[in-house]
Amino acid sequence: MYGDVDIPAEVQHALTGFLDLQQQRLEAIGPELTEQVQAARDATSGGKRLRPAFCYWGFRAAGGQVTPGAPSAQPILTAAASLEMLHVSALVHDDVMDSSDVRRGAPAAHRRFEALQRARSEASGVGGDPVGFGIGAAILLGDLCLIWADEMLHTSGFDAAALARASRFFDAVRVEVTAGQYLDLVAQASGVSDMDQALRVLRYKSATYTVERPLHIGAALAGGDRRLIEALSAYGLPVGEAFQLRDDLLGVFGDPALTGKPAGDDLREGKRTVLVAYAVDHASEVQLTEFDRLFGRPDLDDDEIQLLREILQDSRAVQACEDLITERTEDALDALDRAPLADDTARKALADLAIAATSRQL
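### Concerning helix H5 (residues 109-124)
In this model H5 runs 23 Å from its N-terminal to its C-terminal C-alpha over 16 residues, within 8% of the 22 Å that 1.5 Å per residue would give. Structurally, H5 contributes buried residues whose contacts are with helix H2 (34-43), helix H4 (75-98), strand S2 (106-107) and helix H6 (130-154). A positive phi of about 85° marks Gly 125, the residue just after H5.

### Considerations on the layout of surface pockets
Considering only enclosed or pocket space, the largest pocket measures out at about 1000 Å³ in volume. Every residue lining the largest pocket is counted, 49 residues in all, and those nearest its centre are Leu 91, Arg 103, Gln 244, Asp 247 and Lys 261. Listed by contribution, the elements that provide at least two residues to the lining of the largest pocket are helix H3 (50-61), H4, helix H7 (160-190), helix H8 (195-221), helix H9 (226-253), helix H10 (256-259) and helix H11 (265-269). Grouping the amino acids of the lining of the largest pocket by side-chain chemistry returns 15 nonpolar, 14 polar and 20 charged. Considering only enclosed or pocket space, the second largest pocket measures out at about 290 Å³ in volume.

### Remarks on the packing of aromatic side chains
Across all of its chains, the model carries 5 aromatic pairs by this definition. When the ring of Tyr 56 is compared with that of Trp 57, the centres are 4.9 Å apart and the planes differ by 90°; the resulting orientation is edge-to-face. The same class applies to Tyr 56 as to Trp 57, namely buried. Taking the centre distance of 5.9 Å and the plane angle of 70° together, the rings of Phe 59 and Phe 158 count as edge-to-face. With a gap of 99 residues between them, Phe 59 in helix H3 and Phe 158 in the loop between H6 and H7 connect regions that are remote in the sequence. We note that Phe 59, like Phe 158, is buried.

### Describing empty space enclosed by the protein
Under the defined criterion, the tally for this structure stands at 1 cavity of 30 Å³ or more. Contributing to the lining of the largest cavity are Asp 248, Val 252, Asp 266, Leu 267, Lys 271, Thr 273, Val 276 and Phe 295. Of all the elements in the fold, those that place two or more residues in the lining of the largest cavity are H9 and H11. Its residues assigned to classes, the lining of the largest cavity comprises 4 nonpolar, 1 polar and 3 charged.

### Brief notes about the pattern of salt bridges
Considering all chains together, one arrives at 29 salt bridges under this definition. The partner of Asp 95 in a salt bridge is Arg 103, and the shortest N-O contact between them spans 2.7 Å. Residue Asp 95 is classed as buried on the basis of its relative accessible area, which comes to 3%. Each of Asp 94, Asp 98, Asp 184, Lys 205 and Lys 271 takes part in salt bridges that share partners, so that together they form one network.

### What to know about unusual backbone geometry
Glycine aside, a negative phi is what most residues show, and trans is what most peptide bonds show. Of note, the phi angle at Arg 49 is positive, near 60°, even though the residue is not glycine. Its place among the elements puts Arg 49 in the loop between H2 and H3. Although it is not a glycine, Arg 316 adopts a positive phi angle of roughly 70°. Mapped onto the secondary structure, Arg 316 falls in the loop between helix H14 (302-314) and helix H15 (317-338).

### Structural notes on the side chain of Gln 23
Mapped onto the elements of the fold, Gln 23 is located in helix H1 (residues 7-29). A relative accessible area of 19% places Gln 23 in the buried class.

### Points about the packing of H3 against H4
With their axes 8 Å apart at the nearest point, H3 and H4 run at an angle of 150° to one another. Judged on the interaxial angle alone, H4 and H3 are roughly antiparallel. At the point where H3 passes H4, the crossing takes the right-handed sense. On H4, the residues touching Arg 51, Pro 52, Cys 55, Tyr 56 and Phe 59 of H3 are Ile 76, Leu 77, Ala 80, Leu 83, Glu 84 and His 87.

### Examining a negative patch on the surface
A cluster of acidic residues, Glu 330, Asp 331, Asp 334 and Asp 337, forms a negative patch on the protein surface. Tracing the chain through its elements places Glu 330 in helix H15. Glu 330 gets classed as partly exposed once you look at its relative accessible area, which sits at 48%.

### Here's the deal with the environment of Val 239
Checked against the element boundaries, Val 239 lands in helix H9. Residue class for Val 239 comes out buried when judged on its relative accessible area of 1%. For the pair Val 239 and Thr 208, spaced 31 residues apart in sequence, the C-alpha to C-alpha distance is 9.5 Å. Those residues in contact with Val 239 that sit more than four places away from it in its chain are Phe 54, Val 211, Ala 332, Ala 354, Ala 357 and Thr 358.

Rules of the game
Residues numbered from 1 in each chain as written. Predicted model: local features only at pLDDT ≥ 70, side-chain atom pairs only at ≥ 80, totals over all residues. Heavy atoms only, no water. Helix = DSSP H or I, 4+ residues; strand = E, 2+ residues; numbered from the N terminus. Expected span 1.5 Å × (residues − 1). Contact = heavy atoms within 4.5 Å. 1 Å grid on protein atoms, 1.4 Å probe; cavity = no way out; pocket = protein on both sides within 12 Å on 5 of 7 lines; lining within 4 Å. Points joined across faces, edges and corners; volume = space filled by probe spheres on them. Nonpolar A, V, L, I, M, F, W, Y, C, P; charged D, E, K, R; others polar. Phe/Tyr/Trp six-rings, centres within 6.5 Å; stacked < 30°, edge-to-face > 60°. Buried < 20%, exposed > 50% of the residue type's maximum accessible area, 1.4 Å probe, protein only. Salt bridge = Lys/Arg side-chain N within 4 Å of Asp/Glu carboxyl O. Axes fitted to C-alpha atoms, helices over the stretch in contact; angles between N-to-C directions. Parallel < 35°, antiparallel > 145°, perpendicular 65-115°, else oblique. Left-handed = near helix turned anticlockwise from the far one by under 90°. Patch = residues over 30% accessible without salt bridge, like charges linked within 9 Å, V, L, I, M, F, W, Y side chains within 5 Å. Areas by Shrake-Rupley, 256 points an atom, 1.4 Å probe, with all protein chains shown as cover. Lys, Arg positive; Asp, Glu negative; His and termini not counted. Charge placed at Lys NZ, Arg CZ, Asp CG, Glu CD.

The following block contains the structure:
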């Protein structure tokens, strides 16, 4: 629950209904496409639903009205669910780029399709490369989810004027998250940890995409003015940055049973995060030599991961990230106190969401 509506349940209801329609459409093209729809169903099940929640409360903050007792019929919840579909598109493509094996405790989409093709090949004795098939099928799944996100928004039930206002921000978030992904690729390929670069990735790959733009989309659907949009940015950007800083810590120190991903995956992938950039700037010469030797090696064992964790802690990179999380969360809550919201219920819900997003354990 986020506030007075069970947003995760209502978003799931909207996604399930939408994918039911897509399955009918794709099965008419070919029964093989059921595999794509089922993968989309599994990928859109569960999760924190933070982006839809910020969208919903952006709508309420701008004075958007909902009918008590009938949330499933509300266009805002379908519009908010479109952001979950967009999120799945980004995750599927991200896992392909990072060669990740696991997402939310299950095989990543490309590994799922790889296993399907391998099983078919073994059963028939013929067939193409399972690895290549898995990558190609996952890229297409990500593309489908990106298309479906747009369709969900534009068939949510809002009038043309509201959709035109929201489309400006929906277009922006799709460009920004793609740009952020490219910045992340460039940072990893560079082999250099740079704080300014890490902060740019943090903002465009996560902060705008997770919090600021969902708030803008919701507020625009309700007709929010420029002053409100700017106030939501003053709250949303620091929350989004704190969210990603927490995510970076969990990527190294999180419990796999809670995060759904193997511990230390970010270290194996060589993610050039703010956490890593701080450590590189402040580690001793001996620590830095060890860090450079191990960081980004896909075959890291548990002892080597633990050694990297100790360097991150001893260099005070972990504490620096915790301090930044606290600072940005406080900045966001101060901005929220001053924001000209139309609904005080939204103010309380957004305060709760800021805490939930930045202090989570998964």
